[in-house]
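# Remarks on the overall topology
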Amino acid sequence: MSATVDLAPTVPRADAPPRPTKPRGRARVQHPLAIVIFVVPFGILFSLFYLVPIGYAIYQSLLVIEREGTFGEAREVFGGLTQYVLVFQNGPFWESIARVLTFGAVQVPIMLGLALLFALLLDSPLLRGKRFFRLAFFVPYAVPGVIAAIMWGFLYSPSLSPFSAVTSNINFLSADLVLWAIANVVTWVFVGYNMLIIYSSLLAIPAELYEAARLDGAGQLRIAWAIKIPLILPAITLTAIFSIIGTLQLLAEPQVFRSFSSAVTSTFTPNLTVYSTSSIPNFNLAAAFSVVLALATFILSFAFLKFTQRKDEK
Amino acid sequence: MSRVMETPPTEHSAAGIRRQRPVRARGPRESVLSRVSAMTVMAVFTLYFLVPIWWLFVAGTKSSSQFTSTNPLWFADFNLIENITDLVTYRDGVYLRWMLNSIAYAGGGALIATILAAMCGYALAKYRFPGRETLFNVVLGGVLVPATALALPLFLIFSQINLTNTFWSVFLPSLVSPFGVYLARIYAAASVPDELIEAARLDGAGEVRTFFTVSVRLMTPALVTVFLFQFVAIWNNFFLPLVMLRDETLFPVTLGLYAWNSQVNQIPELRGYVLIGALLSIIPLIITFLLLQRFWRNGLGAGSVK
């Protein structure tokens, strides 16, 4: 949870100067009843459905099932890090981690590159019909991942696809290509969403900042590169972090593709491994997988945040 | 990061400011070549984004025999109404049931989540109390915890109390939106003046009443954003219902269509239902987006936000 320390300073200090008329320090809390009414409902639900599950997953991951004899009654006993040893020895799990990392290394830059390009074009004077493009590119975000995957599954199919001239020659559902077929589905859904986040932050840049550059004869490309992109880096970082988290958590799309392609195994992504392990059922190992995956997600997005911040300081 | 979070509702104001400046700034005019290439890029990608949905729409209007035998991107006999009727009557209207479930999970869940997040974010912004920063930091950490990571532990807990495979097992966890608290806090700090709260106090209004009658209105643009994000998150959530629900009548529409799609190889007639069902299922979300877009525009003016 140490990222909280790092995220907090980016919150605008709108609340920083406390109401100046009130003395600080150990003054009696004003309006305690109202505070309780405001905070407690969320606090209870947050504890029940965020904190308790995280704690329970860690607890479960420390247990092992013990049986007396082969057919004896099973009971859970404390097993220390036994499950974690199993996780680290589990080849398919680490293959699935490597698979989603490869996926992310290719798909995230392409998706964000496109989103940035579209946002810059929408913000430039080069386009007509901006409102139409903005809406058209955003529409796929309204399609849930499961539905998008079903739809593209049909579009890839050699016999049913409207582009059968292509799909009958290239099998997008083969073991070699299915990962990239899924990458295309994710890109299709999320480019417009990321485009809007970046575009919104472009709109917040005061126009005066590049009026001068334009007077000096700078073209759109130069303005975008030298002025706009540096100013919207925080927005790009944010979209990148959410994309990294999303990549490591891939589940719905590959799960749907299992009915289109036998190349998508039950351990294709880390979350599919968690799901198939819990369906065995082996909840303790599944919980350990979950904890390792959550930690990996956390470390990766945290490292990325650190990395971009260090670059800013140079 | 904060600026990004703030932007969706202020987009309107920012655009308003931009529009006031001379439309064509002095300086070099953009060449025809760059205009044409920009429009070409956008046109090509418009096809990329819209053709799959167009295909789905066309497929939804066809009978199953014509689905394979006619041009996939153009209409044959227009069977949309018949297809919809078949879909909603199939197996006693289980599809309608799924749609209603999704609307209940996402609509009800997002509404309550927004109210709870608004209250908590408002308290974090406007009151001082011990543990405030800790609470906020813990909630911020919650933003980084993906919903999928919680699905399995939630299942284990709900099975301890025999509540899996119930409406509540999917509904209750959807009521929590840490991101909503974060956004509500930033907005309340920026858009609800302390003087206004003081004035309400002098008028004798209670704190809670002031929140619901005065502050909530000023926070509306942010709350609409929170509602939208949470609605989409619940509507798209797949893992939680997948692990929690066994009873088909409790499924949200995404899980139902997924289940049908997995059976297409055994029951080929399901293919048509999956297609028309997928088409109908994306309509509520598109409507929600369009409605809320208008809400942002007609909502409180830029002045009240900043």
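All values reported here derive from a predicted model rather than from experimental measurement. (Residues numbered from 1 in each chain as written. Chains lettered and ligands numbered in written order. Predicted model: local features only at pLDDT ≥ 70, side-chain atom pairs only at ≥ 80, totals over all residues.)

### Quick look at helix α10 (residues 220-231) of chain A
Relative to the 16 Å expected for 12 residues at 1.5 Å per residue, α10(A) spans 15 Å between its end C-alpha atoms, a close match to the ideal helical length. Taken residue by residue, α10(A) has A:Gln220, A:Ala224 and A:Lys228 as its buried positions. Buried residues of α10(A), seen end-on, are gathered within an arc of 45 degrees and therefore sit on one face of the element. Exposed side of α10(A), more than 90 degrees from the buried face: A:Ala226 and A:Pro230 are the residues found there. Next to the buried residues of α10(A) lie α4 (91-123) and α8 (178-203) of chain A together with α2 (32-60) of chain B. (Helix = DSSP H or I, 4+ residues; strand = E, 2+ residues; numbered from the N terminus. Expected span 1.5 Å × (residues − 1). Buried ≥ 20, exposed ≤ 12 C-beta atoms within 10 Å, placed from the backbone. Arc of directions from axis to C-beta. Contact = placed C-beta atoms within 7 Å.)

### A short note on the interface of chain B and chain A
Tallying the contact residues gives 91 residues for chain B and 88 residues for chain A. In terms of residues, the side of chain B that touches chain A owes the most to one element, α2(B), which gives 14 residues. Per-class residue counts for the side of chain B that touches chain A are 64 nonpolar, 16 polar and 11 charged. (Nonpolar A, V, L, I, M, F, W, Y, C, P; charged D, E, K, R; others polar.)

### A few points about the pairing of strand β2 (residues 74-78) of chain A
Little of β2(A) sits inside the fold, with zero of its five residues counted as buried. Counting the residues between successive antiparallel strands, the hairpin from strand β1 (residues 63-67) of chain A to β2(A) contains six residues, one of them, A:Gly69, with a positive phi of roughly 75 degrees. (Pairing = 2+ DSSP bridges.)

### Focus on the UniProt feature "domain: ABC transmembrane type-1" (unreviewed entry) in chain A
In the numbering used here, UniProt assigns the feature "domain: ABC transmembrane type-1" (unreviewed entry) to residues 97-304 of chain A. The distance from the first to the last C-alpha atom of residues 97-304 of chain A is 17 Å, and the span holds 73% helix and 0% strand. (UniProt positions renumbered as here; feature names shortened; annotations may be inferred.)

### Overview of unusual backbone geometry
For the bond running from A:Ile280 to A:Pro281, omega is 0 degrees, close enough to zero to count as cis. With respect to the helices and strands, the residue A:Pro281 is situated in the loop between α13 (270-278) and α14 (283-313). Of note, B:Asn162 is a non-glycine position whose phi angle comes to about 55 degrees, a positive value. One can find B:Asn162 in the loop between α7 (147-160) and α8 (167-171).

### Some remarks on the environment of B:Val243
All names here are of chain B. With respect to the helices and strands, Val 243 occurs in helix α13 (residues 239-244). In the structure, Val 243 is positioned 73 residues away from Val 170 in sequence and 9.8 Å away in space, judged by C-alpha atoms. Val 243 has contacts with Ala 151, Leu 152 and Phe 155, leaving out every residue within four places of it along the chain.

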